[in-house]
Amino acid sequence: MRPIITTLIRINTAIERIVIAVGALIVAAMVLIVFGGALTRYATGIGFGVAVELPPMLMPWLVFPLAGVLLRSGSHIAVDFLPEKLGGGGLRVLRAVIALIAIGAGATFVIAGWDAASLFRDIGQVTEMEWEFPIWYIYLSFPVGFAVLISFAVENLLLALTGLDDTGGGDSAGVHAVTE
Amino acid sequence: MVAFAIGSSLLLLFLAVPVFLVFGVGSSMVAIVGLNLPWSTLIQVAFGAVTKQVLLAIPLFIFTGLIMLRSGVARRLVDLALALVGHWPGGLGIAMVLTMGFFAAFCGSILAAITAVGTIMMPEMIKKGYSRTFTVTLAAAAGLLEALIPPSNAAIIYSSLTGVPVSHTFAAGVFPGLVLMAVLILLVLWRCRDMTREARVSAAGRWSAFVQAIPGLMTPFIILGGIYGGLLTPSEAAAVASIWAIIVGFTIHRELKFAAIWSALRDTAVTTSVIFAIIATATFLSVVLTYTQAPQHMTDYFVGFGANEITFLLIVGVICLILGTFIEIIPVFYLTVPIFMAVATTLGVPLEHLYIVFTAFAGLGLLTPPVCVGLYTAAGVINLSADKAFKELPLFLAVGILYGVLMIFIPGLTTWLPSLL
Amino acid sequence: EEIVARLSYHWAPAHQSAIFCEEFAKRVNERGEGKIRIETFPSGQLFGIREIMGALSSGAVELGGVVGVVSFPPVDKNYNVEAMPGMFKDFAQLRRFFQEDETGQEIWNGVLKRTRTQFIGYNPTGPYMTFSAVRPLTSPEAFVGLKARYLAGIERPRWSALGADAVSMPTREVYTALQNGMIDTFNTVPAAIKAYSWWEHVKYGQLPFLFHADAFTLANQAWYDDLPDDVKQILLEVGAEIGAESTKSIMEFSTQVLNEFEERGGQVDTLTDEQLAAFTKVDDEKVIPELGDFVDANVIEAARAFVAN
Ligand code: NA
Ligand code: NA
């Protein structure tokens, strides 16, 4: 069991680094495109639709891959009344249940997201911007994001079942990389 | 069907499932099984919700706030507030409220404001003998100023849900924000009247603190001037302000580092994901509500029952207070705004007024357990366990509810400024 | 058993197209006599203007109000031919191009097939024309140096050709932008200058109409195919009636708004043949060669041949 968990944690740690870096770059792109759009309009009187329309289109690729990664650091908002009352075994059971729910929800949304991406690929719909590209490239962020979520939820499940992280076992480097 | 969605959601909440998954699971089961919708519908509505133009301002204002903190702007605003009111009874507490008010005028995120101002002010207050619980609760409560004083992420989301221009929702919050500041200052004056006072800062000291704070104080003028002068959209104003903050940090205060920009970008990405994941899945639930025509039923109910503006707003207040105990402002908006907007329009309640009532009552949710992100964030800043901070809650809640009722009965505070636009 | 269909549209209740959507549902419900009932979801509360096409394709709703220039070009860019300045003289000619011309049919049928939708009836947005806040637009030179607002990318080459600076701007920002001089000119339907109070700042209008923007009631194809024949019949019959009535009504309303505009002190200039020729020259020489990204050359040719006959 331990080698499997260790490998999964390594993979997830790599995913986490990539996804956070991509997210940071998307935010930087948003700031620069919006600022650049305002600046060119002010300086030349010419405003480009792309500066207005592109940044919101980047949002799904910022949000959904990260949503799964944040399961690891517990950054999501949750009611932690019950976890604070439970200890030891009870807490592990609860964490396993939460992970299972996340896996189930993740699987549902991977399928739904894939359906949506396929639909728009089949229709051949492009973005309504001056700079056109197929809109399913953006819809792809849903199945990808929720697949990432499943991967992190499986890690949480295995850790809860084995109690490895309680005993300090496993390579948990990066577990607390995201602190808010 | 709706009852099932709500019931299963409450169970999942109790089990400590992250809020965005709670909305996702409950409402997707209803949509797929109960309403027989194609699965992809959920994704389509979530896509529509998170790619809304107006919501782009949210990450940009979060980034601005984080850069302001790392540029040394926050520190200088604290110094100015201390120079102005530090010698008053409860001076440090009042300075925190005042700084939160300054900071609110360029930051869009409540939690970013609590972290930024709290990190500097709270240790100082505790060092000077203010009780830890009072300090934490005050910081969390003052965080609500951020949602009222423009720019505000809550206002942006409300606008995206109602179609009220962002400039109007922003304007609606100005006087309610100033009133809340006054209320909190009075609360500190009374509660901390016995604290040792700080020495009065000399006129020269005040002047120097003011000069140091000028770059920070200019930011609201850039943002609001840009928006109300019609030069910039809210998103552009946020982007311009963040670039301004970077320039100030590098050239004027000389405190900003490239590594700090990168960490601000990462933190913005994380916070944005947390907020937008909730927006995406809360939209699932509002779709279920819309498909079942809940807004129409609710409107019929209110009209049938002969509700007038005041009773309607009082009911809205109570519902937001209850929902706010479990979830925070943004999901409360997604759940209730589509429904209550229809009723408000029918009853002739201005949507700007509804916004302030929503924010005042749902905002108390920052303090009320079990989900009290404001209190958690503030407590986290000084490593205090959140449940230790609950001691001060009854006082703050009473004041908060009084404030909300005041907002219901004095609509002019809310509607006057937007009416000038 | 009663069939329940959901009709989603983005127009606000007071909008002409919204009124006809409601009328469509009402008549279908009356004539359906318990066989079919349409529930309407107005104001984009279910799906917005850009979301409705996908919702219809996937079957998230059975019926929807779709604006041609918004929803069709992302699927087939050649639908942009509708918005080419001066190409079609009225709605009837535009619609005949898509129904009768071989190239037109290919575009129209292709879009409906790919999006898995069935045409039920027309419910047009209205005729577009150019307005200005600063001076009469009676010659191409009048546009030089004006600040022009555009909504769709296809509008941009023409603004550049006329020497105006083009700014992309959402509808909700237009009023303020006119007020503080950020924009001087733009294309829109007459109804909009009244509905959004833009005529407080707009002083001049140019006729003839630039193009006619159509909108439609569409149905999810799979759902429609499964309907009993008598229900299909009712939908198409009411669709045709509403199409005729809404088209007539929007043209009358446009004229009425322009009259009110003139009563308020606005000026509407109808271009003389000579003036029109000057614009056509600019369009032919500078605009159409730039439209390659928006409409294929053979489609422009086919449309021209069609209107010439
Ligand atoms: Na604010
Ligand atoms: Na709460």
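As annotated in an unreviewed UniProt entry, chain B is TRAP transporter large permease protein from Pikeienuella piscinae. On record in UniProt, under Function (unreviewed entry), the comment for chain B is "Part of the tripartite ATP-independent periplasmic (TRAP) transport system." We quote the UniProt Subunit (unreviewed entry) comment for chain B here in full: "The complex comprises the extracytoplasmic solute receptor protein and the two transmembrane proteins."

Looking at an unreviewed UniProt entry, one finds chain A named TRAP transporter small permease protein, with Pikeienuella piscinae as its source organism. Looking at chain A in UniProt, the text filed under Sequence similarities (unreviewed entry) is "Belongs to the TRAP transporter small permease family."

## Focus: the UniProt feature "transmembrane region" (unreviewed entry) in chain A
Residues and elements named next belong to chain A. Here, the residues flagged by UniProt with the feature "transmembrane region" (unreviewed entry) are residues 18–39, 59–81, 93–114 and 134–154. In the segment residues 18–39, helix accounts for 100% and strand for 0%; the C-alpha atoms at its two ends are 31 Å apart. In residues 134–154, the share of helix is 86% and the share of strand is 0%. The end C-alpha atoms are 32 Å apart.

## Points about empty space enclosed by the protein
All names here are of chain B. Scanning the entire structure with this criterion turns up one cavity of 30 Å³ or more. Taken as a whole, the largest cavity holds about 120 Å³ of empty space. Contributing to the lining of the largest cavity are 15 residues, with A141, L144, L180, L364 and G400 lying nearest its centre. Elements supplying a minimum of two residues to the lining of the largest cavity: α8 (132–142), α11 (166–191), α18 (351–363) and α20 (393–409). A per-element tally of the lining of the largest cavity places α20 first, with four residues. Among the residues making up the lining of the largest cavity, the classes are represented as 13 nonpolar, two polar and no charged.

## Quick notes on the coordination of the sodium ion (ligand 1)
Tetrahedral metal sites with four donors have an ideal angle of 109.5 degrees; octahedral sites with six donors have ideal angles of 90 or 180 degrees. All names here are of chain B. Binding of the sodium ion (ligand 1) to the protein goes through A104 (O), C107 (O), E146 (O), E146 (OE), I149 (O) and P151 (O), at separations of 2.1 to 2.8 Å. Coordination at the sodium ion (ligand 1) is irregular, judged from the six donor atoms that bind it and the angles of 45 to 161° they form at the metal. Judged by its relative accessible area of 0%, C107 falls in the buried class. The class of E146 is buried, set by a relative accessible area of 1%.

Cut-offs applied
- Residues numbered from 1 in each chain as written.
- Chains lettered and ligands numbered in written order.
- Predicted model: local features only at pLDDT ≥ 70, side-chain atom pairs only at ≥ 80, totals over all residues.
- Heavy atoms only, no water.
- UniProt positions renumbered as here; feature names shortened; annotations may be inferred.
- Helix = DSSP H or I, 4+ residues; strand = E, 2+ residues; numbered from the N terminus.
- 1 Å grid on protein atoms, 1.4 Å probe; cavity = no way out; pocket = protein on both sides within 12 Å on 5 of 7 lines; lining within 4 Å.
- Points joined across faces, edges and corners; volume = space filled by probe spheres on them.
- Nonpolar A, V, L, I, M, F, W, Y, C, P; charged D, E, K, R; others polar.
- Donors = N, O, S within 2.8 Å, 3.2 Å for Na, K, Ca; no water.
- Tetrahedral: all angles 85-135°; square planar, octahedral: opposite > 155°, others 65-115°.
- Buried < 20%, exposed > 50% of the residue type's maximum accessible area, 1.4 Å probe, protein only.

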